[in-house]
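Chain by chain, the residues run as shown.
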Amino acid sequence: MSNLLIVDTDSYLCADVGSFFHSIGHSVHQASDYAGALAQMDKIDFDVAVIQVNIPGGSVHDLLQRIKKKSPRTAVIVDAELESIQEGVQAIQEGAFSILQKPFSIPELNFQIKRALEQQAPRGEPGSLEDRYRNVYQPYNFIGESEEIKKVFRIVNRVAATDSSVIILGETGTGKELVAGAIHYNSARSHGPFVRVNCAALPEQLLESELFGHERGAFTGADRQRIGRFEHANGGTIFLDEIADMSLYTQAKVLRVIQEKEFERLGSNESVKTDVRIISATNRDLMQRMQQGLFREDLYYRLNVVSIRLPPLRERNGDIALLIQFFLKKFAGNLNKRIRGIEPAAMRMLTRYHWPGNIRELENAMERAVLLSEGEMITTDDLNLFFAHESGIGDEKTIKLPTTGIRLEDAERDLILQALERCSWVQKEAAELLGVSSRALNYKIKHFGITHNSWKQNR
Ligand SMILES: Nc1ncnc2c1ncn2[C@@H]1O[C@H](COP(=O)(O)OP(=O)(O)O)[C@@H](O)[C@H]1O
Ligand SMILES: [Mg+2]
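For every chain, the first residue of the written sequence is number 1, and numbering continues from 1 along that sequence. Labels are handed out in written order, letters beginning with A for the chains and numbers beginning with 1 for the ligands. Owing to the predicted nature of the model, reporting of local features is limited to residues with pLDDT of at least 70; listing and counting of side-chain atom pairs is limited to 80 or more, with chain, interface and lining totals taken over all residues.

**Section: the overall build of the protein**
Helix and strand definitions here come from DSSP, where helices need a minimum of 4 consecutive H or I residues and strands a minimum of 2 consecutive E residues; each element is numbered from the N-terminal end. A count of helical and extended segments in the protein gives 21 helices and 16 strands. Each principal axis of the C-alpha distribution contributes one length, and for the protein these read about 85 × 65 × 40 Å. Note on burial: count the other C-beta atoms lying within 10 Å of the residue's C-beta; 20 or more is buried, 12 or fewer is exposed, in between is partly exposed, and C-beta positions come from the backbone. Counting every position in the protein, which comprises 459 residues, the buried fraction comes to 29%. Placing a C-beta atom from the backbone of each residue, one calls two residues in contact when those atoms lie within 7 Å. Counted over contacts in the protein with a minimum sequence separation of 6, partners at least 24 positions apart contribute 68%.

**Some thoughts on the site of ligand 1**
Each residue gets a C-beta atom placed from its backbone. If that atom is within 6 Å of a molecule or strand, the residue is near it. Not every one of the 15 residues close to ligand 1 is listed here, only the nearest: Ile143, Gly175, Lys176, Glu177 and Ile359. Breaking the shell around ligand 1 down by element, the ones donating at least two residues are α8 (176–185) and α16 (358–372). In terms of residue class, the shell around ligand 1 is made up of 4 nonpolar, 7 polar and 4 charged. Marked domain ranges trace back to an automatic or database domain assignment. Viewed by domain, the shell around ligand 1 spans two of them, domain 2 (137–309) and domain 3 (317–397), each represented by three or more residues. Classes in brief: Ala, Val, Leu, Ile, Met, Phe, Trp, Tyr, Cys and Pro nonpolar; Asp, Glu, Lys and Arg charged; the others, Gly included, polar.

**Here we look at the pairing of strand β2 (residues 27–31)**
In this sheet, β2 lies alongside strand β1 (residues 3–7) in parallel orientation, the contact comprising 5 bridges. Bridge assignment links Leu5 to a residue of β2, and that residue is His29. Look down the strands so they point away from you; if the path from the first strand over the helix to the second goes clockwise, the crossover is right-handed. As for the winding sense of the linkage, the β-α-β connection from β1 through helix α1 (residues 11–23) to β2 is right-handed. Being paired, for any two strands, means DSSP has found at least two bridges between them.

**Details of the environment of Gln90**
Tracing the chain through its elements places Gln90 in helix α4 (residues 85–93). Using a count of 16 C-beta atoms within 10 Å as the deciding quantity, one classes Gln90 as partly exposed. For the pair Gln90 and Ser307, spaced 217 residues apart in sequence, the C-alpha to C-alpha distance is 41 Å.

**Thoughts on the confidence of the model for the protein**
The predicted model of the protein has a mean per-residue pLDDT of 86, with 92% of residues at 70 or higher. pLDDT measures how confident the predictor is about each residue, on a scale from 0 to 100. Counting contacts from residues 125–129, a segment whose pLDDT is below 50, to residues more than four positions away or on other chains yields 9 contacts. Scored below 50 in pLDDT, residues 392–397 shows 4 contacts in the model against residues more than four places distant or in partner chains.

**Brief notes about unusual backbone geometry**
Put simply, Lys102 and Pro103 share a cis peptide bond, and its omega is -5 degrees. The phi torsion at Trp425 lies on the positive side, around 65 degrees, for a residue other than glycine. Along the chain, the position of Trp425 falls in the loop between α18 (408–422) and α19 (427–434).

**Topic: the sheet that holds β1**
Spatially, 5 strands are ordered β2-β1-β3-β4-β5 in an open sheet, and the strand pairing comes out parallel. This sheet does not close on itself; its edge strands, each paired only once, are β2 and β5 (98–101). Pairwise comparison of adjacent strand axes, ignoring direction, gives a mean angle of 20 degrees for this sheet. With axes taken as lines fitted to C-alpha atoms, and helix axes fitted only over the stretch in contact, angles between N-to-C directions fall between 0 and 180 degrees. With respect to the sheet, helix α2 (residues 34–43) is in contact with β1 and β2, its orientation differing from that of β2 by roughly 145 degrees.

**Things to note about the sheet that holds strand β7 (residues 194–198)**
If you walk across this open sheet you meet the 5 strands as β7-β10-β13-β6-β14, and the pairing is parallel. Among the strands making up the open sheet, the edge pair consists of β7 and β14 (306–309). Looking at each pair of strands side by side, their axes are set apart by 20 degrees on average, direction ignored. Where β7 meets strand β10 (residues 237–241), 5 bridges bridge the pair, whose relative direction is parallel. Paired with Arg196 across the two strands is Phe239, which belongs to β10.

**Topic: the nonpolar core**
Joined through C-beta atoms within 7 Å, a set of buried Ala, Val, Leu, Ile, Met, Phe, Trp, Tyr and Cys residues constitutes a nonpolar core. Core analysis: the biggest nonpolar cluster contains 39 residues, and Ile168, Val179, Ile183, Ile238 and Phe239 have the highest contact counts within it. Only α7 (147–160), β6 (166–169), α8, β7, α9 (204–212), β10, β13 (277–282) and α13 (297–303) provide two or more residues apiece to this core. The leading source of residues in this core is α8, at 5 residues. In terms of nonpolar packing, the next biggest core, distinct from the first, is built from 32 residues, Ile55, Ala75, Ala96 and Leu109 among them.

**Examining the environment of Leu350**
Looking at the secondary structure, you find Leu350 in helix α15 (residues 344–352). Expressed as a C-alpha distance, the spacing of Leu350 and Arg314, which sit 36 residues apart in the sequence, is 11 Å. In contact with Leu350, other than residues within four places in its own chain, are Ile320 and Ile324.

**Things to note about the packing of α18 against α19**
Taken N-terminus to C-terminus, the directions of α18 and α19 make an angle of 125 degrees; their axes are 8 Å apart at the nearest point. As judged from the angle between their axes, α18 and α19 are oblique. Here α18 runs over α19; the crossing is right-handed. Packed against α18, whose contacting residues are Ile416, Ala419, Leu420 and Arg422, the element α19 presents Ala430, Leu433 and Leu434 at the interface. Of the residues contributing to the contact of α18 with α19, the split by class is 6 nonpolar, no polar and 1 charged. Angles below 35 degrees are treated as roughly parallel, those above 145 as roughly antiparallel, those between 65 and 115 as roughly perpendicular, and all remaining angles as oblique. Left-handed describes a crossing whose near helix is turned anticlockwise from the far helix by less than a right angle; the clockwise case is right-handed.

And the structure:
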């Protein structure tokens, strides 16, 4: 079964085409103008769209561009009366699959659609890696309704239109790479390359040659010329991930690319020109790195024309439920399982957890839960394995003794406060989280003199 979209002002034609393709097992959606077509496209990634050249309310060329951007594998067939056939030809040049002259018969259309479907990359396996990224970074993959994340969306939209350097700050797994890609694929450079480099993954010399390339013989082992990432990214965007981990020496070279838009390959005197937008990211405290003399201030100011801070997941608890729904649907689809939702107890377990690995960790937890689940609802049992694993290994969960030492009482009080906060000051739930009885917790609360407004109201 394929998803077809028919955009046409002729309601008789739409009805005929609709009932025929429906009868041979396709799912057919219709629109009679530009806005209607956009609304349909928002909901569904179509396999084939059949579009009349003169659509009311907008141009077929814009529509084609939007389809190609959102869902590159969609085949677009345009149809035109003889007098506007030239428009159709232009559409072909812009990437439409084929053109049909009106009036056409249903077998003719069927033939074209069959041909388009045969030549198409299978669903979920888009043509190229580039297409895949293009899809991953679309706004509909951004989940979140909290004020914090809405602010991020607004900044992304605003900076996408510019060429400014952007630095993205946030803990691991908060979506920094997703945001970087969204900026690129919604910018004027979206048809240029989006090149990612993880600066922490490579030792200094390798990173340098990765970024700038090298000539043959530039160092031992350089047995042929290599083009660097700054050169590959020409006309597009380079994403420098984990920028804080870059050595001072490499930082100086990056600064020069920003200032002069040129650099040399290792082992060469010849300058190479490049036109790239720089987006960088880090989960480290750059201010501190600068104070320690480990990060160049001048580079920081160049990178930080716009900065975007991604909040950790625990600071936007309201988004957890949305993200869970999103990931459940995604993995149920990928793993071919029927999942209707999540039991309240399991949901509570997830919203109370502090998510040190943020959205990436939540995504992994949901994948495992879907894989393990035997029914249609995710239960606490499906999650237990994940949490058992987490508390066993993750060193982020062990409490670190400060170098100056600490009074055990202070630590206890602090943990109780944290537990209460996480459970919205419901003592019974906080007690569960701390592994003590409600009575024992209540005793401690009185002992430490902890109070909260919500408790007083009940008296
Ligand atoms: N707002 C969001 N909605 C849906 N998925 C998200 C969101 N933010 C991040 N993700 C997903 O979480 C994972 C981690 O995101 P990533 O951008 O790699 O984080 P970072 O670069 O900060 O470590 C990715 O799979 C990404 O698609
Ligand atoms: Mg990352």
